[in-house]
There are 2 protein chains.
Amino acid sequence: MIAAHQATRRAAPTLEAVASAAGVSRSTVSRVVNGSTQVRPDVVDAVNAAIARLDYVPNRAARSLASRQTMAIALIVPEEAARFFGDPFFAAIVQGITRGLESSDYVLNLQLASRTSTSLKTKKYLLGGNVDGAIVVSHHSDVEFFSELDATIPVVFGGRPFHPEQHSNYFVDVDNAAGAALATEYLLDKGRRRIGTISGPVDMQAANDRSKGWVSALTGAGLPTDLIAHGDFTMASGASAMRDLLDREPNLDAVFVASDLMAMGAISVLRERGISVPDQVSLVGFDDSPAATSTDPQLTTVHQPSTEMGLRMAHNLLALLAGEEVERQSILPTRLVVRDSA
Amino acid sequence: MIAAHQATRRAAPTLEAVASAAGVSRSTVSRVVNGSTQVRPDVVDAVNAAIARLDYVPNRAARSLASRQTMAIALIVPEEAARFFGDPFFAAIVQGITRGLESSDYVLNLQLASRTSTSLKTKKYLLGGNVDGAIVVSHHSDVEFFSELDATIPVVFGGRPFHPEQHSNYFVDVDNAAGAALATEYLLDKGRRRIGTISGPVDMQAANDRSKGWVSALTGAGLPTDLIAHGDFTMASGASAMRDLLDREPNLDAVFVASDLMAMGAISVLRERGISVPDQVSLVGFDDSPAATSTDPQLTTVHQPSTEMGLRMAHNLLALLAGEEVERQSILPTRLVVRDSA
DNA sequence: CTGAAAGCGCTTACAG
DNA sequence: CTGAAAGCGCTTACAG
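Residues numbered from 1 in each chain as written. Chains lettered and ligands numbered in written order. Predicted model: local features only at pLDDT ≥ 70, side-chain atom pairs only at ≥ 80, totals over all residues. Heavy atoms only, no water.

- Going by what an unreviewed UniProt entry lists, chain A is known as LacI family transcriptional regulator and is assigned to Marisediminicola antarctica.

Below is the structure:
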C-alpha cells in the first residue's frame, strides 16, 4: 500500500536528461533555462521543446548551491498566529509585499516566529541559506537577533528599529509621532481638554512614537499627560485599557487610541457603560484599517498606507538584492480621516 | 557605500571549516550535526565546540541536494490575502499546523497562491524540490493542478477534494453535510418552517456539502428547498445574500448560514431592516470562530474543530513523510453550539 | 568509531 | 555560439 503509493512518485527529470533529449550539452540547457541570449534560436527551441516534453523544473537546491542564490525572501513576523491573523494591518502589509514581489522571480516565505519556541528554528532558517533576504515586521525590543541578521543577509524592517544602534538598518515606516500629534490636535481643536491615550506595548517602537506624539500635542497646549494606559494592539486589551482610563478619570472627554483594533475594544466598553461617542467621549484611532468602518460609530482615525508600506519594503529589498543604492529610511505620510467617533 | 555594506556581509562557515577547526574529517562533523550515536563522546564535544565557536549553520541547499530532503513543508492557500486574513478559520488552521510541526524539524512555508498570477510560480515552487510535502487548504474546483501534485510529493488536503477522482488523496475534514443537517433540524425543532440558506461558493466542496445537509433536513420534513442564496464566505457576500433572500421571501423565519463571517453580514442586514433576531428570523452559522461571539446577538453555530484540523493535517503529513501508514480520510466531529441567534 | 571518495543537480568561467 | 570541467557544501555507502 505504502510502497505502491511511493512507487507512483516519479523522480523529477534533471538538466542532464533534458540535455540528452535535446542533443546538446548541459551548459546549453542551463543557458536556455536562464534566458541567455547567446544561444542559437533553433537550439533554444529544441531545448524548450525537450523541457516541455519532459516537464522539467530545475531543482532549486542544486541551483542555489551552484549560484549561491535561493530566489526566496523570508517575511518574519514575531507574533502569535492569533494576533497576526486578527489584525488587518498585517493583511495589508502582506498584500503589499506580495504585490511588490509579483513581477520578480522571488518567492515569499512567511515565518510566524513566536518569540519563544521557534526562534531558534527561525534563526537557523535565516542563517542556513534558505533565503536571500528578509523582511521583518512587528519586531519587539526583546528580539535582538534580527538586528544582527543584517550582517548575513539584506534585511528591510517594517517600522523603525527599537534600538538606536540599529539605525543603520533599512526600514520603512510612517511618522508615528506626527500622526499621533495630528490626532491629538484634532481633539484639542474640538474643544476637548481631558484627553487620554490607549497606547501599544512599550516594547514596540511604533507604540512609543505614538505616545510621544500625544504627549507633545498635550504639552504644547499646556495640558497634563497623565492619562495613559497600555494595551497590546488587540481588541481585548483596548477594552481593558478603556476601563482603566474611565476608572481613573470620570471627566475624561477624549482618547487617542494607538490602533483601530484597540479602539474597537474601547468603543464596546463605552457603549457598555452608556457613554455616548463622540458626544461625551471622542475617540481617534490609528491605522484606518477595515476595522475603522466596522464600528458604530465609525472611527475617526489616522490613516497609514499599510499596503504601500508592504510594497515599499518589497521594492527596497529587491533593490538591495540587486546591489542597487537604497535609502535607509522610507517614511510614508499619514493623514487624518474624519468619520464619526470624533 | 553599497560596497562597504556588502563587505560587512560575512561568508558563512562551511562543514570543511568546522572539520579542520576540530581536527576531524568532514564525515565526522556531518555525523555530529546529524546526531549520529556512532561518534566517540570526546569527539562529539570537540566538534560541537568548533561549531559553536564558528557559529556554524549547515547550508540547506547543499544538504537538500545531498540528502534529497528539504525539511520544509508548503502550506498552499489559493486565496487572496484579504480573504485569507479576514477569515478566522484560516488563523485556527494555521495555528494547528504550526503546533503540529513544532516538535519536528520541518519548517512551514506559507504560499498565498492567488489563483491567477502566481499559480505558475507556485507550481514551479512545488515541483522544483523546494519542499518535501504540502498541505493544501481551501482549494477550488478550478485549480486542478493540486490533485496531480500528489504524484510528486505527499499532499494532505484540508477539506474533501472536489473531484471524485481525487478521492485517493489524503484529506482532513468534518462531515459538513451532517453539521448542516444538525443546524437545520435545530431550526425545525424550534418550529421554523420557512428556512433559507446562505451557502458558500459552488466551486468549493465544503459549501456544496453544507447545502446538501440543509436540503436533506428540509426534504426530510417535507419542506421546500428553494430558498438558497450563494456567498463566497465573506461578510459582505453574506449581507447581500441576506438581502436577496429577504426580497424573495418576506415570510422567511430562519436561515442556515454556511459560515460565521457570512452570518455576521446577514445579521447586519437584518438589523438594518429592523427585523429582530432570533424572534422574527433565526440564524445558525457554521465554524464557531471568534466571529460567532462578536455579533449581537451572539451566534448559534455549528462548531468545527479548526485548530485540531490543522494539527491533524500536520500529523498526517509528517507520518506520510516518515513512510508510515496513514488513513486517507480523517473526518472530525462537529457539534451545535447554542447561543442567542437561534 | 573514522576517513577518503563519489555524487546530489545545477552554474560558470574557460577554451574553442 | 557551444562544450568540458571544476566547483557549490553537503551526505552516504564503503573500507578500514
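The rest of the description comes next.
## Quick look at the overall build of chain A
Thought 1: When helices and strands are counted, chain A shows 14 helices and twelve strands.
Thought 2: Scaling as 2.2 N^0.38, a compact globule of 342 residues should have a C-alpha radius of gyration of about 20 Å, whereas chain A reaches 26 Å, well beyond that.
Thought 3: If one aligns the C-alpha atoms of chain A with their principal axes, the spans along those axes are about 85 × 50 × 35 Å.
Thought 4: Residues classed as buried in chain A amount to 56% of the 342 residues present.
Thought 5: Of all intrachain contacts in chain A linking residues separated by at least 6 positions in sequence, the fraction that spans at least 24 positions is 71%.
Thought 6: Accessible area of chain A: about 14,200 Å², with a carbon and sulfur share of 51%.
Thought 7: For chain A, the distance from the average site of its 30 positive side-chain charges to the average site of its 38 negative ones is 6 Å. (Helix = DSSP H or I, 4+ residues; strand = E, 2+ residues; numbered from the N terminus. Rg over C-alpha atoms; globule rule 2.2 N^0.38 Å. Buried < 20%, exposed > 50% of the residue type's maximum accessible area, 1.4 Å probe, protein only. Contact = heavy atoms within 4.5 Å. Areas by Shrake-Rupley, 256 points an atom, 1.4 Å probe, with all protein chains shown as cover. Lys, Arg positive; Asp, Glu negative; His and termini not counted. Charge placed at Lys NZ, Arg CZ, Asp CG, Glu CD.)

## Considerations on the protein's contact with DNA strand C
Thought 1: The immediate surroundings of DNA strand C are formed by 28 residues, with Leu15(A), Ser30(A), Ser27(B), Thr28(B) and Arg31(B) found nearest.
Thought 2: Taking Leu15(A), its main chain carries an N or O atom lying 2.6 Å from a phosphate oxygen of DNA strand C.
Thought 3: Separating a phosphate oxygen of DNA strand C from a side-chain N or O atom of Arg68(B) is a distance of 2.7 Å.
Thought 4: Looking at the surface near DNA strand C, the elements with two or more residues in it are helix H3 (26–33) and helix H5 (60–67) of chain A together with helix H3 (26–33) and helix H5 (60–67) of chain B.
Thought 5: The residue inventory of the surface near DNA strand C, partitioned by class, reads ten nonpolar, eleven polar and seven charged. (Near = heavy atom within 4 Å. Polar contact = N/O pair within 3.5 Å; in protein donor to acceptor, adjacent residues only side chain to side chain. Nonpolar A, V, L, I, M, F, W, Y, C, P; charged D, E, K, R; others polar.)

## Some details on the protein's contact with DNA strand D
Thought 1: Around DNA strand D, a shell composed of 27 residues is seen, among which Ser27(A), Arg31(A), Arg68(A), Leu15(B) and Ser30(B) lie nearest.
Thought 2: In the interface set of DNA strand D, defined as its atoms within 4 Å of the protein, sugar plus phosphate atoms amount to 60%.
Thought 3: With respect to DNA strand D, the side chain of Ser27(B) contributes an N or O atom lying 3.4 Å from a base oxygen.
Thought 4: Within the backbone of Asn59(B), one N or O atom sits 3.4 Å away from a phosphate oxygen of DNA strand D.
Thought 5: Taken together, the elements giving at least two residues each to the surface near DNA strand D come down to H3 and H5 of chain A together with H3 and H5 of chain B.
Thought 6: Grouping the amino acids of the surface near DNA strand D by side-chain chemistry returns ten nonpolar, ten polar and seven charged.

## Considerations on the pattern of salt bridges
Where side chains of opposite charge bring their charged atoms close, a pairing between them can arise.
Thought 1: Overall, the coordinates contain 28 salt bridges over all chains when judged by the stated rule.
Thought 2: Arg83(B) is the partner of Glu79(B) in a salt bridge, and the nearest nitrogen-oxygen pair spans 3.2 Å.
Thought 3: On the basis of relative accessibility, which here comes to 6%, the residue Glu79(B) falls in the buried class.
Thought 4: Put simply, Arg160(B) and Asp209(B) hold a salt bridge, and the shortest N to O gap is 2.7 Å. One end of the pair, Arg160(B), is in the loop between strand S4 (155–158) and strand S5 (170–174); the other, Asp209(B), is in helix H11 (residues 205–220), with 49 residues separating them in the sequence.
Thought 5: For Arg160(B), a relative accessible area of 25% gives the class partly exposed.
Thought 6: One network of salt bridges, with partners in common, ties together Glu79(A), Arg83(A) and Asp87(A). (Salt bridge = Lys/Arg side-chain N within 4 Å of Asp/Glu carboxyl O.)

## Some details on the interface of chain B and chain A
Thought 1: Taken together, the contact pairs 52 residues of chain B with 52 residues of chain A.
Thought 2: Interface area, chain B with chain A, both sides summed: about 4,400 Å², of which 58% is carbon and sulfur.
Thought 3: Taken together, the links from chain B to chain A amount to three residue pairs in polar contact (both at pLDDT 80 or more).
Thought 4: The set of elements that each furnish at least two residues to the side of chain B that touches chain A consists of helix H1 (2–7), H5, helix H6 (81–86), helix H7 (88–102), strand S2 (107–112) and helix H8 (119–127) of chain B. (Buried area = accessible area lost by both parts, 1.4 Å probe.)

## Let's talk about the nonpolar core
Thought 1: Ranked by internal contacts, the top residues of the largest apolar core, which has 65 residues, are Leu75(A), Phe84(A), Phe85(A), Leu75(B), Phe84(B) and Phe85(B).
Thought 2: In this structure Phe85(B) touches Phe84(A), Phe85(A), Phe90(A), Ala91(A), Val94(A) and Leu112(B), once residues within four positions along its chain are discounted.
Thought 3: Counting 32 residues, the second-largest nonpolar core is a separate cluster that includes Ala74(A), Leu126(A), Phe157(A) and Val131(B). (Core = buried A, V, L, I, M, F, W, Y, C linked by side-chain atoms within 4.5 Å.)

## A closer look at the sheet that holds strand S9 (residues 282–287) of chain A
All names here are of chain A.
Thought 1: The strand order S7-S6-S8-S9-S10-S12 describes an open sheet built from six strands, whose pairing is mixed. Bordering the open sheet on either side are strand S7 (228–230) and strand S12 (335–337), each of which pairs with just one other strand. Across the sheet, the mean angle separating the axes of adjacent strands is 20 degrees when strand polarity is ignored.
Thought 2: In terms of strand pairing, strand S10 (residues 300–303) meets S12 through three bridges, oriented antiparallel. Looking at the pairing, His303 lines up with Arg335 of S12.
Thought 3: Strands strand S6 (195–199), strand S8 (254–257), S9, S10 and S12 of the sheet are contacted by helix H10 (residues 176–189), whose axis makes an angle of about 160 degrees with S9. (Pairing = 2+ DSSP bridges. Axes fitted to C-alpha atoms, helices over the stretch in contact; angles between N-to-C directions.)

## Description of the pairing of strand S2 (residues 107–112) of chain A
Residue and element names in this part refer to chain A.
Thought 1: A large share of S2 lies buried, amounting to six of its six residues.
Thought 2: Burial along S2 is two-sided: Val107, Asn109 and Gln111 and Leu108, Leu110 and Leu112, pointing in opposite directions, are all buried.
Thought 3: Where strand S1 (residues 72–77) meets S2, six bridges bridge the pair, whose relative direction is parallel. Paired with Ile73 across the strands is Leu108, a residue of S2.

## What to know about the UniProt feature "domain: HTH lacI-type" (unreviewed entry) in chain A
Thought 1: Per the UniProt record, the feature "domain: HTH lacI-type" (unreviewed entry) sits at residues 13–67 of chain A.
Thought 2: Counted over residues 13–67 of chain A, helix gives 69% and strand 0%. Its end C-alpha atoms are 20 Å apart. (UniProt positions renumbered as here; feature names shortened; annotations may be inferred.)

## So, the sheet that holds strand S9 (residues 282–287) of chain B
All names here are of chain B.
Thought 1: Here six strands make up an open sheet; going across it, the order is S7-S6-S8-S9-S10-S12 and the pairing mixed. Either end of the sheet is taken by a strand with one partner, and the two such strands are strand S7 (228–230) and strand S12 (335–337). Direction aside, the axes of adjacent strands within the sheet are offset by 20 degrees on average.
Thought 2: Relative to strand S8 (residues 254–257), strand S6 (residues 195–199) runs parallel, the two sharing four bridges. By the bridge assignment, Gly196 is partnered in S8 with Val255.
Thought 3: Contacting S6, S7, S8 and S9, H11 crosses the sheet at an angle of about 170 degrees to S6.
Thought 4: Sheet contacts for helix H13 (residues 260–272): S6, S8, S9 and strand S10 (300–303); angle to S9, the most-contacted strand, approximately 155 degrees.

## A closer look at the relation of the copies chain B and chain A
Thought 1: Expressed as a screw transformation, the operator carrying chain B onto chain A has a rotation angle of 180 degrees and an axial translation of 0.0 Å, and the superposed copies differ by an RMSD of 0.0 Å. Given the turn and translation reported, the copies of this chain are related as if by a two-fold rotation axis. Closest to the rotation axis within chain B is the C-alpha of Ala61(B), separated from it by 2.2 Å. (Least-squares fit on C-alpha atoms with pLDDT ≥ 70 in both.)

## A short note on the packing of aromatic side chains
Thought 1: Scanning the entire structure with this criterion turns up eleven aromatic pairs over all chains.
Thought 2: For the ring pair Phe84(A) and Phe85(B), a centre distance of 5.2 Å and an interplane angle of 70 degrees mean the geometry is edge-to-face. Separated into two different chains, Phe84(A) in helix H6 (residues 81–86) and Phe85(B) in helix H6 make up a pair that spans both. Note on accessibility: Phe84(A) and Phe85(B) belong to one class, buried.
Thought 3: Taken together through their ring pairs, the aromatic side chains of Phe84(A), Phe85(A), Phe89(A), Phe90(A), Phe84(B), Phe85(B), Phe89(B) and Phe90(B) make up a single cluster.
Thought 4: The ring of Phe286(A) has Arg210(A) sitting right over it, with the charged end atom 3.8 Å from the ring centre. (Phe/Tyr/Trp six-rings, centres within 6.5 Å; stacked < 30°, edge-to-face > 60°. Lys NZ or Arg CZ within 6 Å of the ring centre and 35° of its normal.)

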